[in-house]
Amino acid sequence: MISVIIPNYNGIEHLKQCFDSLRRQTLREFSVIMIDNNSSDDSVKFVSENYSEVKIIRMSSNTGFAKAVNQGIKIAMLDEKTDYIVLLNNDTECDANFLSEMKKGFRDSSTGSVACKMLNFNERNKIDDAGDFIKSKGSPYARGYEETDTGQYDKGEFIFGACAGASAYRKEVFRRAGFFDEDFFAYYEDVDFSFRLQLCGYKCFYNPDAVVYHKRGATTSNRLGFQTMLCERNLVALRIKNYPLSILILNLPVFMLVRIKRYFLFLTKHSSSLFFSALKGYCQGVLKIPKSIGKRREIQRLKTVGNDYIKSILR
């Protein structure tokens, strides 16, 4: 059985489309858990009155994406019938075959996660995310973002990782690799987790037949500075925690040069406020390096793949 975990924070305007699309699924053996991050709108009331099949867990504060989905995952794992866990943003609409295709993506026991084709909700011929990757210069990116969908990503294949806005995981990976890093709060926690799964020997399969329509930025469009700060902070931790030492040392000069270039563009092409948000995030990440090193020890202890393999999945 599949357990679908949906984090929500003041997302009432998106919930009807999301939950209605789940009701239209061709695969029927699934349950839904909504983790509400102490919404101040009527999200909880709306779901409880209109979608009685949804289990609602209310958090006492806005804990961010990572802690909310971890709570849902832990609850789902208590059910012995649960084999797979699907994470789904509240601002999505699923194709009717989405869950069945995500399940098909688990090709063998080494497949720990499945990624889907995410399309732009308003322009459905535009790609939102066709799998997550990390550039050779160290920056995470969503493959195909804003490209017109002409079938260029219609091949099923093993990739780096899945965007947690619409992703599936074998239940056992959380027992072995742990959960999403709650210190990230939001942004890059899925890339961080994908890296960890790769280190543990789990692969991610991209199934283009699993389709979701996503309103990218719908829940964060008014918080660009906050988003930038978190991304810069979390990127430092992602690298310290996951990169094998020899690869990390080799790439540190490149990482630094790319950050300098990025901050220069923030200052000259955007705004001083965005620049300072980025710089603040980077400084926070540096201050957290001792904590990241502590996490690194456990992650690297679980590593089962060689450095050549890691190099091969970093583009």
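This text gives an overview of the structure that appears in the document. Because the structure is predicted, anything quoted here is derived from the model rather than measured.

1. Quick notes on the overall build of the chain
Within the chain one finds 11 helices and 12 strands. Along the first, second and third principal axes, the C-alpha set of the chain runs to 55 × 45 × 40 Å. Residue burial in the chain is summarised as follows: out of 315 residues, 55% are buried. In the chain, of all internal contacts separated by at least 6 residues, the share reaching a separation of at least 24 is 77%. For the chain, the accessible surface area stands at approximately 14,100 Å², while carbon and sulfur atoms represent 52% of it. Measuring between centres, the 46 positive side-chain charges of the chain sit 6 Å from its 36 negative side-chain charges.

2. Digging into the pattern of salt bridges
This structure, assessed with the given rule, holds 19 salt bridges. In this structure, Lys 104 and Glu 101 form a salt bridge, with 3.4 Å as the shortest nitrogen-oxygen distance. Within this pair, Lys 104 and its partner Glu 101 are both found in helix 4 (residues 98–104), separated by three residues, close to a single helical turn. One salt bridge in this structure joins Arg 259 and Glu 232, with 2.6 Å as the shortest N-O distance. A residue pair is termed long-range when its members are at least 10 positions apart, and Arg 259 in helix 8 (residues 245–270) and Glu 232 in helix 7 (residues 224–242) qualify at 27 residues. Pair check on accessibility: Arg 259 and Glu 232 agree, each one buried. Through salt bridges with shared partners, a single ionic network connects Asp 181, Asp 183, Asp 192, Arg 196, Lys 241, Lys 291 and Lys 295.

3. Considering empty space enclosed by the protein
Scanning the entire structure with this criterion turns up one cavity of 30 Å³ or more. In terms of lining, the largest cavity is formed by Asp 181, Asp 183, Phe 184, Arg 233, Asn 234, Ala 237, Lys 288, Lys 291, Ser 292 and Lys 295. If you list the elements that add at least two residues to the lining of the largest cavity, you get helix 7 and helix 10 (289–301).

4. Some points on the packing of aromatic side chains
Taken as a whole and judged by the stated rule, the model has 20 aromatic pairs. Ring geometry for Tyr 169 and Phe 193: centres 5.7 Å apart, planes at 70 degrees, overall edge-to-face. Placement of the pair is Tyr 169 in strand 11 (residues 166–170) and Phe 193 in helix 6 (residues 189–199), with a sequence separation of 24 residues. As far as burial versus exposure is concerned, Tyr 169 and Phe 193 are alike and both buried.

5. Brief notes about the nonpolar core
Residues Leu 87, Tyr 169, Phe 174, Phe 180 and Phe 195 are the most contacted members of the largest nonpolar core, which totals 65 residues. With near-sequence residues (within four places) excluded, Phe 180 lies in contact with Ala 66, Val 69, Asn 70, Ile 73, Leu 87, Ala 164, Tyr 169, Phe 174, Glu 189, Asp 190, Phe 193 and Arg 196. Counting residues in hydrophobic clusters, the runner-up holds 31 residues, among them Leu 15, Phe 19, Val 54 and Ala 210.

6. Some points on the environment of Asp 20
Here Asp 20 is to be found in helix 1 (residues 12–23). The sequence separation of Asp 20 and Ala 162 amounts to 142 residues, and the corresponding C-alpha distance is 24 Å. Within the local environment of Asp 20, its side chain forms a polar contact with the side chain of Lys 16, the two groups lying 2.7 Å apart.

7. So, the packing of helix 8 against helix 9 (residues 272–287)
Here helix 8 crosses helix 9 at 155 degrees, and the two axes come no closer than 7 Å. One element, helix 8, and the other, helix 9, form an angle in the roughly antiparallel class. Here helix 8 contributes Met 256, Arg 259, Tyr 263, Phe 266, Leu 267 and His 270 to the contact with helix 9, which in turn contributes Ser 272, Leu 274, Phe 275, Ala 278, Leu 279 and Tyr 282. In terms of residue class, the contact of helix 8 with helix 9 is built from nine nonpolar, two polar and one charged.

8. Details of the side chain of Ser 194
Structurally, the position occupied by Ser 194 is in helix 6. In this structure, Ser 194 is in contact with Phe 160, Gly 161 and Ala 162, ignoring residues within four places of it in sequence.

9. Description of the side chain of Asn 89
If you trace the backbone, Asn 89 turns up in the loop between strand 4 (84–88) and strand 5 (92–94). The buried category is assigned to Asn 89, whose relative accessible area is 18%. Among the polar contacts made by the side chain of Asn 89, one reaches the side chain of His 214 at a distance of 3.5 Å.

10. Some words on the pairing of strand 12 (residues 203–214)
Across the 12 residues that make up strand 12, a large majority, 10, are buried. Pairing analysis gives three bridges linking strand 5 to strand 12, with the strands arranged antiparallel. Bridge pairing links Cys 94 to Val 212 in strand 12. Here strand 6 (residues 111–120) runs beside strand 12; their pairing, made up of nine bridges, is parallel. Directly across from Leu 119, in strand 12, lies its bridge partner Tyr 213.

What counts, and at which threshold
Residues numbered from 1 in each chain as written. Predicted model: local features only at pLDDT ≥ 70, side-chain atom pairs only at ≥ 80, totals over all residues. Heavy atoms only, no water. Helix = DSSP H or I, 4+ residues; strand = E, 2+ residues; numbered from the N terminus. Buried < 20%, exposed > 50% of the residue type's maximum accessible area, 1.4 Å probe, protein only. Contact = heavy atoms within 4.5 Å. Areas by Shrake-Rupley, 256 points an atom, 1.4 Å probe, with all protein chains shown as cover. Lys, Arg positive; Asp, Glu negative; His and termini not counted. Charge placed at Lys NZ, Arg CZ, Asp CG, Glu CD. Salt bridge = Lys/Arg side-chain N within 4 Å of Asp/Glu carboxyl O. 1 Å grid on protein atoms, 1.4 Å probe; cavity = no way out; pocket = protein on both sides within 12 Å on 5 of 7 lines; lining within 4 Å. Points joined across faces, edges and corners; volume = space filled by probe spheres on them. Phe/Tyr/Trp six-rings, centres within 6.5 Å; stacked < 30°, edge-to-face > 60°. Core = buried A, V, L, I, M, F, W, Y, C linked by side-chain atoms within 4.5 Å. Polar contact = N/O pair within 3.5 Å; in protein donor to acceptor, adjacent residues only side chain to side chain. Axes fitted to C-alpha atoms, helices over the stretch in contact; angles between N-to-C directions. Parallel < 35°, antiparallel > 145°, perpendicular 65-115°, else oblique. Nonpolar A, V, L, I, M, F, W, Y, C, P; charged D, E, K, R; others polar. Pairing = 2+ DSSP bridges.

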